[in-house]
Amino acid sequence: MSHKWERQADAVLGVAASALLFGMMVLTFLDVVGRYLLNRPIRGAFEITELALLVLIFAGLPLVSHADEHVTMDFIDRMLPARAARAWVRVMHALCAAIMFFLAWQVWIKAGRISGYGDTTDVLGIVIGPFVYFMAAMIGLTGLVHVFKTFVPGAAQASQATT
Amino acid sequence: MTESLVGLGIMLVLAFLRLPIALSMGVVGVIGYAYMRDWSWASAFAMAQTKVYETGRNYALTVVPLFILMGNLVTRAGMSQELFRTAYAFIGRLRGGLAMATIVGCAGFGAICGSSIATAATFAKVAYPSMKKFGYSDQLSTGAIAAGGTLGILIPPSTIMVIYGIMTGTSIGKLFAAGVLPGILATVLLCLAVQYVTWRDPSAGPRGEPMTWKERFATLQGFGWFAAVGVAVVGAANFGWLEADDAAVLGALAVFGLSLIYKGVTSVIALFVLVMGGIYGGVFTAVEGAGVGAFGALVFALARRSLDRKSLYAALVESARTTSMLFMILIGALMFAEFVNITTMPDDLKNFVARLNMSPVMVVAVIMAIYVVLGTAMEELSMILLTVPVFFPLIVHLGVDPIYFGVLIVVVVEIGLISPPVGMNLFVLSTLLPQVPTRTVFRGVMPFVAVDCVRLAILVAFPVISTYLPGLMK
C-alpha cells in the first residue's frame, strides 16, 4: 500500500465491514437471549442480519481484491520467469476488471428492476433497492481496484489462509 | 457430456492461467449456460443476476462470517497455549508424549476453530518450542503439528463443512455432528502414528517431565463449576423446570461468567459443549450457535486480556475479507453448477456408473482415490469447489448419504493439506519455522499421511461412524 488515499480507502471499507460484522454478532446473541429468556425477540433481527450480511460481503469484496486474497492457482508463477509472471498477473487483473464491470452492470440492472417493483422487507419495510445498487457499486469498485492493479506495478501479493 | 467436459477444461485452463477460481467458474458457467440455451444471452445474464443477488441475500449464510469470526477470535485469545499445557500434563510423560499432546491439543482447538491452517499456525508457535526443548526431532514435531492442524476442519465447527453444506444444500448442523466421531478416530490414529515413529526411533520423541496427579488436575481449574453448570442445565431441562431453550441460554450466560474467573482449558470445553450441544440438541439454529460462539469467544479473549483494540479490529476485518472471498467462490460455483445441471453430464455419469455395475461404496472409494491423488498437487479448496458440482448429483442418485460423503470430502481435504508437494499446512510450517528445511517437513509428515489414508479407508468402509450422531438429531 503505497499511496495515502489507497490506505484510507482500505481503512474506510475495513472499518465499515468490521463494525457490521461486530454488530451482526451482537445482534444475533441479543436476539437469542431476548427470544428465549425474555420472550422478546428483537423485531426484524432476521431482516437486519440478512441485509447486514449482504453489505458485509460486498463491502469486503474490494478489500479482498486489494489484498490479492482471491483463491488462485499459482502454478504459472513458478513456470514463468519472474518478470514475465509479474506482467502476466497484470494481464489477468485487466481480465478480472472486465468481468467485475460486467457483473456490476448486470447487478445494476437487477437493482433497477427491484427498485421498480418497490420491494421491501416483510417486517420492518426496509426498501431493498438501495442495497442492490450498493452491491453493484461495490462490484464496480472492485473492478476499479483491478484496473489499478493492472496499471500500477508492484502491488503486493498475499497468500490466502482459509482452509 | 461433451459440453460440460469442454466447460470443465476451459475453466481449468482459465484457473491455470491465474484467473481467480471464482471468476473462472463464473465465466464458464454463464457462457456455457448461454450456449446450452441456444446462445440466449438474456437468460444467461438473468441467471447471473439471480445467483449474485440470492447468494448475497440469504440469512442462512450468516453462519459463515460468524464461525470464521469465532475462529479468528479464539486464535488470538491464547487458548492454544492452555490446551497444550493440559494435554502435556496428562500425556507428556509417555514416549512421544509432547507430539501426542500437540495432536490432542489441536483436536481441542479444532473444537472451537474451523480452520486447519489457523490451527497448525497457532500450534507451530505454542508446541514447537517445547518439543525443541525436549530434544524432539524436527521431523516428528513438524509432522505432528501439520497433521494435528488438519483436525481443525474435521472437528466442528469447520469451514470446509460450511462450504460443502452451502454448495450442496446439506444441513450444516448435521455435518458438524457427523464430524465428531471421525475426529476422535483421527486423534487416536494420529497418536498411534506418533507411537510408531518413536518405536522406530525412541530418540525422536523422548519423554517429558514427570508430574504429580495434583499438578495435572491443577490445569483443569474450575472444572467442577463448569460441570455443575452443565448438570444444572441438563437437569433443569429434563425435570421440566425450564424449557430446554431457556436452560441452554442461561447455561451460556453462566459459562461466559465463569470463563471470566477460570481461564483454563475447561472454559474452552465449555464453549464447545455449549455451541455444538446447542446446535445438536436443536436449541440453536446453526446461525444462532455461531452468533453465541463468536460472542463467547469475544468474552474469552477479553477475559484473558489478549485482545486489544488493534487485534480485535484485525480479527474482524480478516473475517470480513475471508467471508467476501468465500462468497465470490460460492457465487462462481453456483453459476457453474447451474450450467452443468442443464447439460447431459449428470445423466451421462449416472449411466456410465450404471454400466460399470459397481456398488455405491466402490464408486465412493474410486472418487476418494481420485481426490487423494489430485490433492497432492492441487490447492484443496479449489479442488472441492471444482469437483463437487460434478460428483454430487451422482452421489445422490446412487443413494449415498450426503452427510457421509461430506465427511469423506473433509478427510480428503485433510490429506491434501499435508500431502507433498502442494499442501497448505506444510507451506505454513515452512514459513513459520524457517529454520526447518522444507524437505524435513515433507519427510516428517509421511507417517501421518499414511495413517490418514488408513482412516479414509475405515470411514469409507464404515459409514456408520459418520452417520450415527447426525442420525440421532431431530
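Residues numbered from 1 in each chain as written. Chains lettered and ligands numbered in written order. Predicted model: local features only at pLDDT ≥ 70, side-chain atom pairs only at ≥ 80, totals over all residues. Heavy atoms only, no water.

Enquirer: Quick rundown of the overall build of chain A? Include the residues and the values.
Expert: Within chain A one finds 5 helices and 0 strands. Listed N to C, the secondary structure of chain A is α-α-α-α-α in terms of helices and strands. With the C-alpha coordinates of chain A rotated into their principal frame, the extents come out at 65 × 35 × 30 Å. In chain A, which comprises 163 residues, the share counted as buried stands at 49%. For chain A, restricting intrachain contacts to residue pairs at least 6 apart in sequence, the fraction spanning at least 24 positions comes to 72%. (Helix = DSSP H or I, 4+ residues; strand = E, 2+ residues; numbered from the N terminus. Buried < 20%, exposed > 50% of the residue type's maximum accessible area, 1.4 Å probe, protein only. Contact = heavy atoms within 4.5 Å.)

Enquirer: Report on the overall build of chain B, specifying residues and quantitative values.
Expert: Within chain B one finds 24 helices and 0 strands. Computed over its C-alpha atoms, the radius of gyration of chain B comes to 23 Å, within 12% of the 23 Å expected for a compact globule of 474 residues. The principal-axis extents of the C-alpha atoms in chain B amount to approximately 75 × 55 × 45 Å. Looking at chain B as a whole, 61% of its 474 residues are labelled buried. The long-range fraction of contacts in chain B, counting pairs at least 24 apart against all pairs at least 6 apart in sequence, stands at 79%. By element, 67% of the accessible surface of chain B is carried by carbon and sulfur atoms, the whole surface being about 17,400 Å². Across chain B, 28 positive and 22 negative side-chain charges occur, with their mean positions spaced 11 Å apart. (Rg over C-alpha atoms; globule rule 2.2 N^0.38 Å. Areas by Shrake-Rupley, 256 points an atom, 1.4 Å probe, with all protein chains shown as cover. Lys, Arg positive; Asp, Glu negative; His and termini not counted. Charge placed at Lys NZ, Arg CZ, Asp CG, Glu CD.)

Enquirer: How would you sum up the pattern of salt bridges? Please name residues and give values.
Expert: Any two side chains of opposite charge can pair, given that their charged atoms come close. One pass over the structure, following the stated rule, counts 12 salt bridges over all chains. Among the salt bridges present, the one from Arg-35 of chain A reaches Glu-288 of chain B, with a minimum N-O distance of 2.6 Å. On the criterion of chain membership, the pair formed by Arg-35 of chain A in helix H1 (residues 4-37) and Glu-288 of chain B in helix H16 (residues 286-303) is interchain, its members lying in two chains. Salt bridges sharing partners connect three or more residues here, namely Asp-31 and Arg-35 of chain A together with Glu-288 of chain B. (Salt bridge = Lys/Arg side-chain N within 4 Å of Asp/Glu carboxyl O.)

Enquirer: Before we move on, could you go through helix H24 (residues 464-472) of chain B and cite the residues and values that matter?
Expert: Residues and elements named next belong to chain B. Listed in full, the buried residues belonging to H24 are Ser-466, Leu-469 and Pro-470. The arc that holds the buried residues of H24, viewed along the axis, is 95 degrees, so those residues lie on one side. The exposed set on the far side of H24, more than 90 degrees from its buried face, consists of Gly-471 and Leu-472. Looking at the packing, one finds that the buried side of H24 touches helix H11 (172-200), helix H15 (265-280), helix H21 (402-418) and helix H23 (438-461). (Arc of directions from axis to C-beta.)

Enquirer: Hey, could you go over the packing of aromatic side chains for me, with residue numbers and the actual values?
Expert: Residues and elements named next belong to chain B. Here the structure, examined in full by the defined rule, presents 24 aromatic pairs over all chains. Considering the side-chain rings of Tyr-35 and Trp-39, the 5.4 Å spacing of their centres and the 75 degrees angle between planes classify their relative orientation as edge-to-face. Judged by its relative accessible area of 43%, Tyr-35 falls in the partly exposed class. Using a relative accessible area of 47% as the deciding quantity, one classes Trp-39 as partly exposed. Here the aromatic rings of Phe-90 and Trp-213 are separated by 6.2 Å at their centres, their planes lie at 65 degrees, and the arrangement is edge-to-face. Residue Phe-90 is located in helix H5 (residues 79-91), and its partner Trp-213 is located in helix H12 (residues 213-218); the two are separated by 123 residues in the primary sequence. Taking the relative accessible area as the measure of exposure, Phe-90 reaches 28% and is therefore partly exposed. On the basis of relative accessibility, which here comes to 52%, the residue Trp-213 falls in the exposed class. (Phe/Tyr/Trp six-rings, centres within 6.5 Å; stacked < 30°, edge-to-face > 60°.)

Enquirer: Residues and numbers for helix H20 (residues 380-397) of chain B, please.
Expert: All names here are of chain B. The end-to-end C-alpha separation of H20 is 25 Å, in line with the 26 Å expected for 18 residues at 1.5 Å each. Taking the largest bend as the criterion, H20 deviates by roughly 50 degrees, centred on Val-388, and proline Pro-389 comes between one and four positions later. Burial runs high along H20: 15 of the 18 residues are buried. (Expected span 1.5 Å × (residues − 1). Bend = angle between axes of the 7 residues up to and from the residue.)

Enquirer: Outline the interface of chain A and chain B, supporting the account with residue identities and numerical values.
Expert: Listed as interface residues are 66 residues of chain A and, on the opposing side, 70 residues of chain B. Between chain A and chain B lies a buried interface of about 6,300 Å² when both sides are counted; carbon and sulfur atoms form 77% of it. Run the count over chain A and chain B and you get 3 salt bridges. When residues in the side of chain A that touches chain B are grouped by element, the largest group, 17 residues, is from H1 of chain A. (Buried area = accessible area lost by both parts, 1.4 Å probe.)

Enquirer: Talk me through the nonpolar core; I want residue IDs and the actual numbers.
Expert: Ranked by size, the top nonpolar core spans 214 residues in total, and within it Phe-256, Met-368 and Tyr-371 of chain B carry the most contacts. With residues near it in sequence (within four places) discarded, Met-368 of chain B still touches Phe-405, Leu-408, Ile-409, Val-412, Leu-456 and Val-460 of chain B. (Core = buried A, V, L, I, M, F, W, Y, C linked by side-chain atoms within 4.5 Å.)

Enquirer: Just give me the short version of the side chain of Thr-387 of chain B, but keep the residues and values in it.
Expert: All names here are of chain B. In this fold, Thr-387 is placed in helix H20. Accessibility expressed as a relative area gives 16% for Thr-387, which makes it buried. In this structure the side chain of Thr-387 is engaged in a polar contact, spanning 2.6 Å, whose partner is the backbone oxygen of Met-383. (Polar contact = N/O pair within 3.5 Å; in protein donor to acceptor, adjacent residues only side chain to side chain.)

Enquirer: Just give me the short version of the packing of helix H2 (residues 21-36) of chain B against helix H17 (residues 309-342) of chain B, but keep the residues and values in it.
Expert: Residue and element names in this part refer to chain B. The contact between H2 and H17 brings their axes to 7 Å, and the two run at 30 degrees. Between H2 and H17, the interaxial angle falls into the category roughly parallel. The element H2 and its partner H17 pack so that their crossing is left-handed. Where H2 abuts H17, its residues Ala-22, Leu-23, Met-25, Gly-26, Val-28, Gly-29, Val-30, Gly-32, Tyr-33 and Met-36 lie against Met-328, Ile-329, Gly-332, Ala-333, Met-335, Phe-336, Glu-338, Phe-339 and Ile-342. Across the contact of H2 with H17, the residue classes break down as 14 nonpolar, 4 polar and 1 charged. (Axes fitted to C-alpha atoms, helices over the stretch in contact; angles between N-to-C directions. Parallel < 35°, antiparallel > 145°, perpendicular 65-115°, else oblique. Left-handed = near helix turned anticlockwise from the far one by under 90°. Nonpolar A, V, L, I, M, F, W, Y, C, P; charged D, E, K, R; others polar.)

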